[in-house]
Each structure stands twice: as structure tokens, then as C-alpha cells.
Amino acid sequence: MNTSDGTRIDSNGRTDITRRLQGLSDADLPFHGHDRIKEYVMRETNNPVRVRPRRRMALFLAAGAATCAVALAVTLSIGGSDQRPASARPEPAAVQLLDRVALAAQAAPAPSIRDGQFLYTKTKGHSTALSETKGGGMTAARTDESAEHWVSVDGSVGTLTRSREGEKTDPAPNKGNVTINGPTYRFLESLPTDPDRLLEMIYADTRLNHGSDSGSTTGPDQEAFVAIGDLLRTVEAPPGVSAALYRAAARIPGVVLVPEATDAAERPGVAIARVHNGERTEWIFDKSSLRLLGERTVTLKDSAWGKAGTAVTSVAIISRGVTDTAGQVPKP
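Everything numeric in this text was worked out from a predicted model, so none of it was measured.

Enquirer: With reference to specific residues and values, describe the pairing of strand β1 (residues 118-132).
Expert: In this sheet, strand β3 (residues 147-152) lies alongside β1 in antiparallel orientation, the contact comprising six bridges. Bridging across to β3, Phe118 finds its partner in Ser152. With nine bridges joining them, β1 and strand β10 (residues 311-323) adopt antiparallel strand pairing. Counted as the bridge partner of Thr121 is Arg320 from β10. What sits between the antiparallel neighbours β1 and strand β2 (residues 138-144) is a turn of five residues, in which Gly136 has the positive phi angle 95°.

Written as C-alpha cells, this is what we have:
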């Protein structure tokens, strides 16, 4: 039989996690953990999808509190992760895949980047928004979010975005307020490569930006998972930092593996995901190279956002590079 997301389940109730996943054998993946994935996803599908503001597919979010405040908050404990039920811990299969992805990222050559240059990223994708109809119902509409972005390496100038709507320049960040939510490449170079220290910093940053006063009901684990995904998708970090981000994600409770996923460019891959409020946020990787292809959020039940399995937001990373000027496309 098949689950609502198309994953096949055999007669013993085990999902075919290892299907077409190179480098992992059945012996590597404890199947009692697969049962927990199924139980967790099926439980979440019974919860209603909440109408909430969708995350913009922009390159960076607005900068939050000052870096010094983040540094002070690093001393805060991650908070109760060891006291969570075993079923909420990271799935062993997901931990193993993230470790392989981290090794591949760490093996990549560090780029030679000068101040004054720009990080280039081309993306393809869409976001979905709900609007109320005259009859009092809700209708979902997609918006094309495909774009090209040029981000200053040292933050000395603003970010240039080119989309179907034209060109837009966002202001340069205040260098005293550069954070994980709005980093420069130079800031990323300064981040710790120890995954535990880095995860502490990310949890502290999400507390500052999504604390009790913000009205957020997402929770610290989901906020941390989304923050890492935003960072990985929007800017290419130094190899050691990228590896640490993947290993930090492997420590977040509730992280699971999805064996089949497709990005906004229709490229198949394998995904690391987390389910929250009837939606599954997925980071999609190429099965051979383990390169990050993109990210999407899938609804797990029929709702105003669409039928079960609908990608309410999806973005694919088409190309990346370094240029000397904003607006210049790097050579292949």
C-alpha cells in the first residue's frame, strides 16, 4: 500500500526508506524507527492546518537583534530536548543521511572570495497565499517567486534581486546588527563549526526573534529547523559551516527522512524533513552528489491550501557563483 505522500509500505508496515538511496543499506536503518515516522506523520495529519502567514521566498529576512545580544543568549540552554519522548528524537535514518550530507559539504573546496564581490544565487519556485472569497470561503493562489540574487560578501552594499517584476535593491545591513537571520558571508565565516555550539546559537537567535512577545506558536524546534533551512537555501556558507549546520539539524527533535521528494525544478531527490501542524517542511538533496537541490513545504491533508501532498511553497536552487559586480551572471 501507499501513504498519502506516495511512500510505499510493505506487508510488515515498514516504509521503503532505502529504495534508491545510495550508500545506505537496510542494516543501516533501524526499522522500528520507520514505524515511528509513520505513526508521527499519521498523527499529525489528523490536526487541522492553521492558516498562517507564509514565509517569503526572499533571499534574506530583516536583520534581528544585535550580534552582541545573540552572543549573550548563546549561554541559554537548548531547553528540555533530553526530556522529550523518544518518539520525538531525530530519526536515526535522518541522522545518518545528514552526516553523509555534512561530509560531502565539508569536502567541497572553500571558494576564494574577496570583499567587494557578490554571492550569486538563481532560484525557481513559488509561494502560496490564502484569500477570502465573497462567499466567506478561502481560496489559494500561487505566486511565482523565481529570481536571481546578488548579495554583498562583506555587506558593504545592498542586495540586488532580479525577478519577473523587475529589479529591486534592499538596503545594506547594519554591520553591527548582522545575525543568522540576515548574514553576510564574512559573518558566516565567524560562526562556530562545532554543531552543538552552533545549534545553541540558532536556538538563542530564534528566541530573540520568535519569543513570547512575537505571538509565534511554532515552537523552538521547528523555528530552529526552518532557520537552518532558510540559511542553507539563501546563501552558500563556507564548507565547514555548512557541514556544522547539517550536523546541528541532526540534533533537532522530530527530524525524519523522506525517501522520495521533488523540487520546484522537477528534480527528484531524497529529503530531510520535519512535520508541524499538518505540514512537512523538506530539504531536498540529490541522491548521488548529496547537493542541496531546494526546499518545499507539503500539506499532509486536504485543506484550503490544496489537496494532501500539495507543495504550498517550493524553491529550487538552480545555480550559484561569485561575481565582481551586482547584475553580472557568473560563467558556468
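Enquirer: Go over the environment of Ala204, please, and point to the residues and values.
Expert: Residue placement: Ala204 occurs in helix α5 (residues 195-209). Residue classification places Ala204 among the buried positions, given a relative accessible area of 0%. Sequence spacing of Ala204 and Pro220 is 16 residues, and the spatial spacing of their C-alpha atoms is 9.2 Å.

Enquirer: Summarise the nonpolar core; cite the residues concerned and give the values.
Expert: Among soluble globular proteins, nonpolar side chains are generally buried collectively. The biggest cluster of nonpolar side chains holds 47 residues, and the ones touching the most others in it are Ile228, Tyr246, Ile272 and Trp283. For this core, the elements supplying multiple residues, two or more each, are α3 (92-107), α4 (185-189), α5, α6 (220-234), α7 (239-249), β6 (255-262), β7 (268-276) and β8 (279-285). Every residue in contact with Tyr246, bar those within four places of it in the chain, is listed here: Leu98, Val101, Ala102, Ala105, Leu232, Phe285 and Leu292. Val256, Val258, Ala273 and Ile284 belong to the second largest nonpolar core, which has seven residues in total.

Thresholds applied
Residues numbered from 1 in each chain as written. Predicted model: local features only at pLDDT ≥ 70, side-chain atom pairs only at ≥ 80, totals over all residues. Heavy atoms only, no water. Pairing = 2+ DSSP bridges. Helix = DSSP H or I, 4+ residues; strand = E, 2+ residues; numbered from the N terminus. Buried < 20%, exposed > 50% of the residue type's maximum accessible area, 1.4 Å probe, protein only. Core = buried A, V, L, I, M, F, W, Y, C linked by side-chain atoms within 4.5 Å. Contact = heavy atoms within 4.5 Å.

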